[in-house]
Structure formats: C-alpha cells, structure tokens
Amino acid sequence: MSKTAAREGALETRGIEPVPDHERTARTRGLFPTWVGANISVLLLTMGASLVVAYHLNFWQALVVAAVAPVVSYGLVGLIGIAGKRGAAPGMALSRAVFGQRGNLLPGSLIWVARWGWETINAVTGAYALLTILDLALGIKANGVLDMVTLLLFVIATFVISGLGINAVQKCSKYATYLFGVFSVLVLAYLAVHTDWARVMHGGAGSTASLITAVGMIAAGGVSWIPSAPDFTRYLPRTASSRAIVGQTVGGAGIVVLPLVLMGAVMAVGTPDLASASDPVSFLGTILPLWIAVPYLLIAVVGMLLINSMSMYSAGFTAQTLGFRIPRHWAVSVNAVISLALGGVLMLVASSFMGSFIAFLSMLAVAFSAWTGVFGADMLRRKEYDARALADTTRTSAYWYRAGFSPAAVSSWAIGLVSGLLFTTSDWFTGPLARNNPIGEYGLGWIAAIVISAALYLTLPKPRVTPPTPAPAPAPAEDPIPATV
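What counts and how
- Residues numbered from 1 in each chain as written.
- Predicted model: local features only at pLDDT ≥ 70, side-chain atom pairs only at ≥ 80, totals over all residues.
- Heavy atoms only, no water.
- Helix = DSSP H or I, 4+ residues; strand = E, 2+ residues; numbered from the N terminus.
- Buried < 20%, exposed > 50% of the residue type's maximum accessible area, 1.4 Å probe, protein only.
- Contact = heavy atoms within 4.5 Å.
- Areas by Shrake-Rupley, 256 points an atom, 1.4 Å probe, with all protein chains shown as cover.
- Phe/Tyr/Trp six-rings, centres within 6.5 Å; stacked < 30°, edge-to-face > 60°.
- Patch = residues over 30% accessible without salt bridge, like charges linked within 9 Å, V, L, I, M, F, W, Y side chains within 5 Å.
- Salt bridge = Lys/Arg side-chain N within 4 Å of Asp/Glu carboxyl O.
- Axes fitted to C-alpha atoms, helices over the stretch in contact; angles between N-to-C directions.
- Parallel < 35°, antiparallel > 145°, perpendicular 65-115°, else oblique.
- Left-handed = near helix turned anticlockwise from the far one by under 90°.
- Nonpolar A, V, L, I, M, F, W, Y, C, P; charged D, E, K, R; others polar.
- Expected span 1.5 Å × (residues − 1).
- Polar contact = N/O pair within 3.5 Å; in protein donor to acceptor, adjacent residues only side chain to side chain.
- 1 Å grid on protein atoms, 1.4 Å probe; cavity = no way out; pocket = protein on both sides within 12 Å on 5 of 7 lines; lining within 4 Å.
- Points joined across faces, edges and corners; volume = space filled by probe spheres on them.
- pLDDT = per-residue confidence, 0-100.

Draft legend 1. Expanded view of the overall build of the chain. Within the chain, the secondary structure is distributed over 19 helices and zero strands. Across the 485 residues of the chain, 56% fall into the buried class. When contacts within the chain are restricted to residue pairs at least 6 apart in sequence, long-range pairs at least 24 apart make up 87% of them. Of the roughly 19600 Å² of accessible surface on the chain, a fraction of 68% belongs to carbon and sulfur atoms.

Draft legend 2. The packing of aromatic side chains, seen in detail. Tallied over the entire structure, the rule returns seven aromatic pairs. Note on Trp35 and Trp225: the rings are 5.6 Å apart at their centroids and 75 degrees apart in plane angle, and the pair reads as edge-to-face. Placement of Trp35 in helix 1 (residues 31-37) and of Trp225 in the loop between helix 10 (208-223) and helix 11 (242-268) is noted, with a sequence separation of 190 residues between them. Accessibility expressed as a relative area gives 1% for Trp35, which makes it buried. Joined through ring pairs, the aromatic side chains of Trp35, Tyr74, Trp225 and Phe232 make up one cluster.

Draft legend 3. Just a nonpolar patch on the surface, in detail. Side chains of Trp60, Leu63 and Leu258 sit close together on the surface and give an oily, nonpolar patch of about 260 Å² of accessible area. Taking the relative accessible area as the measure of exposure, Leu63 reaches 30% and is therefore partly exposed.

Draft legend 4. Structural detail: unusual backbone geometry. Not every positive phi belongs to a glycine, and Ala88 is a case in point at roughly 55 degrees. Considering the arrangement of structural elements, one finds Ala88 in the loop between helix 3 (59-87) and helix 4 (91-94). Although it is not a glycine, Ala403 sits at a positive phi angle of roughly 55 degrees. A relative accessible area of 43% means that Ala403 is categorised as partly exposed.

Draft legend 5. Local environment of the pattern of salt bridges. Applying the stated criterion across every chain yields a total of five salt bridges. Close ionic contact of Lys141 with Asp135 constitutes a salt bridge, the shortest N to O distance being 2.9 Å. The exposed category is assigned to Lys141, whose relative accessible area is 55%. It is possible to trace a salt-bridge network through shared partners that takes in Asp21, Arg24 and Arg238.

Draft legend 6. Spotlight on the packing of helix 6 (residues 105-138) against helix 13 (residues 290-321). Contact geometry of helix 6 with helix 13 gives a least axis separation of 9 Å together with a crossing angle of 160 degrees. In terms of their interaxial angle, helix 6 and helix 13 are classed as roughly antiparallel. Viewed along their axes, helix 6 and helix 13 form a crossing whose handedness is left-handed. When its residues are assigned to classes, the contact of helix 6 with helix 13 shows 20 nonpolar, 10 polar and two charged.

Draft legend 7. The arrangement of helix 3 in detail. With 29 residues, helix 3 ought to run about 42 Å at 1.5 Å a step, and its terminal C-alpha atoms sit 43 Å apart, in line with that. Where helix 3 begins, the side chain of Asn58 points an oxygen toward the backbone nitrogen of Trp60, at a separation of 3.2 Å. Remark: Ala88 follows helix 3 within two positions and exhibits a positive phi of approximately 55 degrees.

Draft legend 8. Summary view of empty space enclosed by the protein. On inspection of all chains with the given rule, the structure shows two cavities of 30 Å³ or more. Empty space within the largest cavity amounts to approximately 160 Å³. Around the largest cavity sit 19 residues that line it, and Asn39, Leu44, Tyr74, Trp118 and Gly221 are the ones nearest its centre. Those elements that provide at least two residues to the lining of the largest cavity are helix 2 (43-53), helix 3, helix 6 and helix 10. Residue classes in the lining of the largest cavity are distributed as 13 nonpolar, six polar and no charged. The space that makes up the second largest cavity amounts to roughly 50 Å³. Considering the residues around the second largest cavity, the lining is formed by Pro90, Gly91, Met92, Ile111, Arg115, Pro227, Ser228, Asp231, Ser314, Phe317 and Thr318. In terms of residue count, helix 13 provides more of the lining of the second largest cavity than any other element does, three residues in total. Of the residues that constitute the lining of the second largest cavity, the class distribution is five nonpolar, four polar and two charged.

Draft legend 9. Up close: the confidence of the model for the chain. For the chain, per-residue confidence averages 82 on the pLDDT scale, and 85% of positions sit at 70 or higher. Note that pLDDT drops below 50 for residues 472-485; the model gives that stretch one contact with residues more than four away or on any other chain.

Draft legend 10. Spotlight on the packing of helix 2 against helix 10. Remark: helix 2 packs on helix 10, axes separated minimally by 11 Å, with the N-to-C direction vectors making an angle of 170 degrees. Taken together, the axes of helix 2 and helix 10 lie roughly antiparallel to each other. The two elements helix 2 and helix 10 meet at a crossing, and its hand is right-handed. From helix 2, Met47, Ser50 and Leu51 reach across to helix 10, where they touch Ala214, Met217 and Ile218. Classifying every residue of the contact of helix 2 with helix 10 gives five nonpolar, one polar and no charged.

If you want it as structure tokens, here you go:
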C-alpha cells in the first residue's frame, strides 16, 4: 500500500471516494493474509461441529463440505473483488453505478442491517471466548455483569482497530495468522493422538439434501463478505491480475476454513449436546488440555477482533453511501453501538446459540446474494467506473438514471431477494416454496437469489453505460510578461 494512502500506524482518512492512481500500489499477494485473518474464528469449529450434530453428516461428507464451501463462496468474493481494481472505490460506492444514486439505498440499507447481525454474532462469540478463558485459567464463572463487561471490551477493541483503517487491519492479520497457524497445528496434533478415529470414520452418512444444505451454511460466512470485496482491492493498480485476485482470496480463506471445519467435525463426536449449548466456545475447554485451550482461545479472540474489524471497516463505507456525512472512522461507531446492544440481548436472552446462529446464516446468505447477482452481472458489461459520477449524488450524475433509480437493477434485486426467501427454510422463517422441490429441499434459496437476479438484470433493458468523464487538464502556466526597456 502506498505510504501516502496509509503510513505505518497512521489513521486512514480516505472514505468512499476513489483512490487516486498514484496511491494504488498494493499487491495481490496482500489479499492472502487479509482473507486468512477474515476466517480466524472458533465459529468455524462450531460450524464444523454442527455438520455432525445438526446435519448428521459423517467425516467424509464433512470433508466435502469443508472443501467445496470456501471455493464457492470466496470464489464469488474474489470475482466481485475485481471491481475494486476497476473502480478504486468501496463495493457499496461502486454499487451506485449499478442501482442509481437513490436506488442503491435499498440494497445498501439491507446489507448494512445484515452486517449488524454478523457483527453481533462475532462480538458475542468473542465475549464467550473471553469468558471461557477466565473460567479455565482463573476459575471465574460467568454472570450477567461479566457477560456485558467482556462484550463491551470486545466491541471497543473492534472499534479501535477498524477505526484506524485498512493498514491496521492488515498488519494485525499478518501476525495473527502466524500465531493461529502454530496453535492450530498443536490442536490438530492433539486431536490426532486423542481422538477415537474408529468412531469418527465409521459414523453414519447423512442425506444428500443435508450435505448440499451444509455447503450453503458454511458458505454463508464467505457470502457475507461479497459486497465488501472491493473495499480490500481498491488500492490495487489497474494492471493487477484478476486471476491472482481470485486465487489469493480463495487460497487465504480455504487454508483456514478447511482444517477448522474438519476439526470441529471431529470434536463434535465427543460433544453430542453441542446443538443445545448456550454458547459456541465453552466446549473447547472440555476437549482440549488447559495449556492448549487458553492460548488457542486468546489467539482466536484476536482473530475474531480482526473479522469484526474488517466487517465494521466496510460497514463504515456502507453508512457513508447511505448518506451519513461523517468520516469513515466515526461511521464505524454506529455499527459498534448497535452490535453492543444486540449482543447484550443475545447473551442474556437466547437459550441456544447454535439454533439462532444457523437460522441467521440461512437468512444472511439470501440477503447478500440478490445484490451479488445484479452487481456481478453488471460487471460483465462495465469495465470501468466514473469517479465523478459516483461522488455526484445529484441529478447531474451520470448514475442518476430515472429519478435516481436504475429500474432494471432495482427490480431484479427485489425479485431475486423475494424469490430466494420463498425457497428458504430456517427456525425463524420458512418460505412457501421451501418444500417439495429440490431448491428448497437442498437449501439453495441463496443460489436461487443469485441466479434469478442476475438473469433478470441481463434480460431487462438497462441504462446505457457512458464512458467516465475525463478529469480536466490543468490550466497551462501563463507566459511570463516580457520586461519592458
């Protein structure tokens, strides 16, 4: 990254405006640790355990899920990330070119609200990890007051890191990656020695419907990053390799998702009551010895801080595109306060974390997928973005279209979103088309949202893509007035 853009340890002040070419000096290999850091979470262990406990899959089916899910979800993240190098702006700012200046407020608002849920889940998981550490290391038992204190500490730390900007996030990701990798190897070694592998390997197989649904559940975490993908590629030069963007994204995520999900599946053999547990972390204390569990959870807390910091970093941009006329690092504070409030409710009221979490993931995937279908389809015809038009929210903008809306994009997004929900099943909501058809039975409502929204957008008449307005040439220097004799 350019020293001009973000000096070591400096506060990043750039908002949703496109990054100038002279600051776009990042490299694609920097995406690898970024997406490693985005997945350093004990939630993946919990999700892996749910493959056995909730979906009744065996080890080999869990292996298929753990391998396929990150390729599908982070493949989409990488593809949408290509827009970042084309437009040098955050994803929801580039989205103005697709939906129109006013039309973008509709998917932007939904995505912003969905982020509240994702950040709340991560904040609560981080708080539970801190509570488990206090219990294991010091014998301090959780209570309502301590729950809120740990949640507050986690949210404050998240706000600080995300407020500093992308340099702080990427710097923390680099070191957390090394530490988490070392201790993950220790956990793998411990499990290899102490696991009843005969019981693990000979478990009964689940249904094909459960297998495919489980892929969607694991993939939902990656799908939630899709609108944010350009946020982390906008500092790349225009000449950056698109193939490298996708490859580094999938590789960074997959190298974490695959082993953690499998580790969770193996652990679940000894924790059959996980599905009814009130938190997603404490089971680690019953499986791992103290000398591994405590440092592993400490590093996992750092990882979850990074995940939430990345999410809030992007949420700050989304808030700005919705009209909050405040600097990005203050826009982040809005999400921090909301996640603190919702996290308190979840920790004090929810009786089963796993049930709430899986239901949330099924809804989250659909919420992000309808936008993905429209935006991705638009990328097939739009190779560059007009920086002036993105920033101009008045009628003079080239992205004003009809009364500020692109009818093709907004209608395709709305129909795709509704269609996806019609095929979705969860503890919170079951669509009328979620039964007696393969899409609903296999949990493919989020795929339906992508396909339907993309197909409609490609079919409907769209506003003409106008070439970007060139920046005015600097005024030539005046000739010096000749001296008179």
